[in-house]
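Spelled out from the first residue to the last, the chains are:
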Amino acid sequence: MRTDSQRLSFDIEACDGAARAGVLRTAHGEIQTPAFIPLATKGTVRSLESSEVAEIGYELILGNTYHLFVSPGPDRIAAAGGLHGFMGWDRALITDSGGFQVFSLAHGGVADEVKGKGRPGGDRGSVVSIGEEGVHFRSYRDGRALFISPEVSMEVQAKLGSDIALVFDECTPYHADRDYTAGSMERTHRWLDRCLEWHGEHGPAQQAVFGIVQGGIHEDLRRASAQAISEAGVDGIAIGGTLGRDKQEMRGVLELTTPLLPEAAPKHLLGIGDIDDLLTGIGLGLDVFDCAIPTRLARHGTALVPDPENRFRLDLRKAGYEGNRDPIADGCPCSACQHHDRDYLSYLSRAEELTAVRLLCLHNLTYLNELVTHARTAIGAGSFEPYSASILGGAAPWEAVA
RNA sequence: GCGGCCAUAGUUCAACGGUAGAACUUCGCGUUGUGGUCGCGACAAUGAGGGUUCGAUUCCCUCUGGUCGCC
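Okay, so let's go over this structure. This structure is a prediction, so every number in the text was calculated from the model and none was measured. (Residues numbered from 1 in each chain as written. Chains lettered and ligands numbered in written order. Predicted model: local features only at pLDDT ≥ 70, side-chain atom pairs only at ≥ 80, totals over all residues.)

1. Let's talk about helix α8 (residues 178-202)
So, point 1. For α8, which comprises 25 residues, the first-to-last C-alpha distance of 35 Å matches the rise-based estimate of 36 Å (1.5 Å per residue) to within 8%.
So, point 2. Every buried residue of α8 is listed here: T181, A182, S184, M185, T188, W191, L192, C195 and H199. (Helix = DSSP H or I, 4+ residues; strand = E, 2+ residues; numbered from the N terminus. Expected span 1.5 Å × (residues − 1). Buried ≥ 20, exposed ≤ 12 C-beta atoms within 10 Å, placed from the backbone.)

2. Structural notes on unusual backbone geometry
Comment: phi is negative for the bulk of residues other than glycine, and the bulk of peptide bonds are trans.
So, point 1. Here the amide bond leading from T33 into P34 is cis, since omega sits at 5°, within 30 degrees of zero.
So, point 2. Summarising the element assignment, P34 is placed in the loop between β3 (29-33) and β4 (35-37).
So, point 3. Of the consecutive residues S71 and P72, the connecting peptide bond is found in the cis state with omega at 5°.
So, point 4. In this structure, P72 sits in the loop between α2 (65-70) and α3 (74-79).
So, point 5. With phi around 80°, S47 is a residue other than glycine that occupies positive phi space.
So, point 6. With respect to the secondary-structure elements, S47 resides in the loop between β4 and α1 (50-56).
So, point 7. Of the residues examined, S47 has 18 C-beta atoms within 10 Å and is grouped as partly exposed.
So, point 8. The backbone phi angle of R311 is positive, close to 60°, even though this residue is not glycine.
So, point 9. Along the polypeptide, R311 turns up in the loop between β15 (302-304) and β16 (313-315).
So, point 10. The partly exposed category is assigned to R311, around which 14 C-beta atoms lie within 10 Å.

3. Regarding the environment of T295
So, point 1. Within the fold, T295 resides in helix α12 (residues 293-299).
So, point 2. Its 22 C-beta neighbours within 10 Å are what place T295 among the buried residues.
So, point 3. Separated by 10 residues in sequence, T295 and V305 place their C-alpha atoms 14 Å apart.
So, point 4. If we skip the residues at most four places from it in the chain, T295 touches P38, L39, V45, R46, C361 and N364. (Contact = placed C-beta atoms within 7 Å.)

4. Some words on helix α7 (residues 150-160)
So, point 1. Summarising burial for α7: 9 of the 11 residues are buried, a large majority.
So, point 2. Taken residue by residue, α7 has P150, V152, S153, M154, V156, Q157, A158, K159 and L160 as its buried positions.
So, point 3. Looking one or two residues beyond α7, the residue adopting positive phi is G161, at roughly 75°.

5. Details of the sheet that holds β3
So, point 1. As summarised here, the arrangement of the 3 strands in space is β1-β2-β3, forming an open sheet in which the pairing is antiparallel. Taken across any chain shown, the strands that pair with only one partner, and hence form the sheet edges, are β1 (9-16) and β3. Taking the axes of each pair of neighbouring strands and ignoring which way they run, one obtains an average angle of 15° across the sheet.
So, point 2. Note: strand β2 (residues 19-26) against β3, 5 bridges, orientation antiparallel. The residue of β3 that forms the bridge with V23 is Q32.
So, point 3. Across the face of the sheet, helix α15 (residues 354-381) comes into contact with β1, β2 and β3 while running at roughly 120° to β2. (Pairing = 2+ DSSP bridges. Axes fitted to C-alpha atoms, helices over the stretch in contact; angles between N-to-C directions.)

6. Notes on the packing of α7 against α8
So, point 1. Direction vectors running N to C along α7 and α8 enclose 40°, while the axes themselves pass 8 Å from each other. The orientation of α7 relative to α8 falls into the category oblique. Both α7 and α8 take part in a crossing whose hand is right-handed. Residue-level contacts link P150, E151, M154 and A158 of α7 to W191, R194, C195, W198, H199 and H202 of α8.
So, point 2. Its residues placed into classes, the contact of α7 with α8 shows 6 nonpolar, 2 polar and 2 charged. (Parallel < 35°, antiparallel > 145°, perpendicular 65-115°, else oblique. Left-handed = near helix turned anticlockwise from the far one by under 90°. Nonpolar A, V, L, I, M, F, W, Y, C, P; charged D, E, K, R; others polar.)

Have a look at this one:
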């Protein structure tokens with residue numbers, strides 16, 4: 001670890017059990033933690049303008065090396081002043097390395113892969129080969145042959161100019177056997193060394209690098225990976241790979257892995273964003289979380305609500321909202337809740353109007369930001385309880401935050 | 001008035017005389033380092049009445065309702 005790096009600092013300001021509240025300082029501003037990170041995979045938080053994302057209160061968003069590499073390409077973005085300049089975002093940026101995409105191209109999405117199903121509409125089959133040097137694959141746009149290696153990933157991320165780069169890893173599938181998972185993990189560790197070597201020689205001085213813990217669901221592998229990443233000289237640590245087939249298994253992996261990491265390190269849980277999972281992760285001492293869920297659900301007509309009985313979801317495309325004059329959530333400050341009722345939002349979403357996507361993205365991202373802000377406040381007050389009714393039920397987190 | 005064509009699921013269309021299928025809609029389930037409108041499943045139909053046939057959505061007749069053409 002190099003927690004004294006000039007490119008990134010992390011100060012823990014309060015603890016409540018294992019949960020902690022901190023401040024992550026980057027070249028593009030501070031991030032209050034615990035924090036949720038919206039995805040701007042292709043250089044935009046889908047349907048929203050960068051200024052709107054900032055207005056909600058977000059201080060850090062995630063761009064994707066794989067997608068931006070395929071299009072519009074790193075040089076075009078570099079010419080626009082990096083991803084910050086290209087998309088008009090002046091706060092902090094983290095970029096995923098492309099490692100997860102290698103996994104999802106080869107195996108389909110996490111949920112489908114865990115269930116043994118393919119993803120018919122996906123990009124499966126476009127990976128040509130995964131080898132020691134890197135990954136050969138075909139562009140999902142025009143089929144041309146492309147190659148990403150640890151060095152290519154870091155070079156692209158350097159051109160994107162993100163404040164935090166993630167190392168290039170292989171996200172091993174759930175159904176891989178232990179031997180494959182072990183071999184994949186060891187290769188990921190070798191790739192980590194190559195990423196750091198390239199970054200040390202060519203990387204932007206202000207760009208931090210996070211390592212990624214792999215090891216699947218195997219205790220000994222998670223232990224080995226946690227140790228290897230902790231000793232590697234990175235600025236922060238992300239937990240990646242398959243986390244199991246259900247929430248209990250995921251909790252087990254996180255309970256095992258998190259305490260093995262240096263306390264002072266900022267810890268990022270990759271790809272997790274269900275509300276109960278965020279609270280679980282915060283309770284275990286994780287600091288930042290990114291996830292497609294809030295914006296993907298919005299595109300498909302589902303709003304996040306403080307309703308644990310229904311998985312915190314309100315599916316506005318289901319029947320029964322005709323004439324419903326209630327907002328999505330009482331007390332929510334977002335535009336959808338301030339100006340519109342469920343009847344109208346249900347109609348808009350079923351009509352597949354773009355406005356519905358925008359309003360539900362605004363709501364879902366507002367909700368998650370309020371949630372983690374509330375958790376931060378509770379940690380400072382020594383009253384953080386992941387499963388307490390004050391967070392999960394009623395009108396919270398709106399009232400508690402106001 | 002005469003002649004032609006048509007009538008299948010809520011809608012738009014399939015189905016040699018041999019188990020009536022699909023798309024959209026509707027309803028339900030799913031989505032965790034993004035699927036820019038996604039995946040899975042369910043409900044649901046031969047206009048009415050006769051006839052021929054082992055068997056009719058299919059062939060014949062009548063009726064009803066459309067539609068096009070001609071006086």
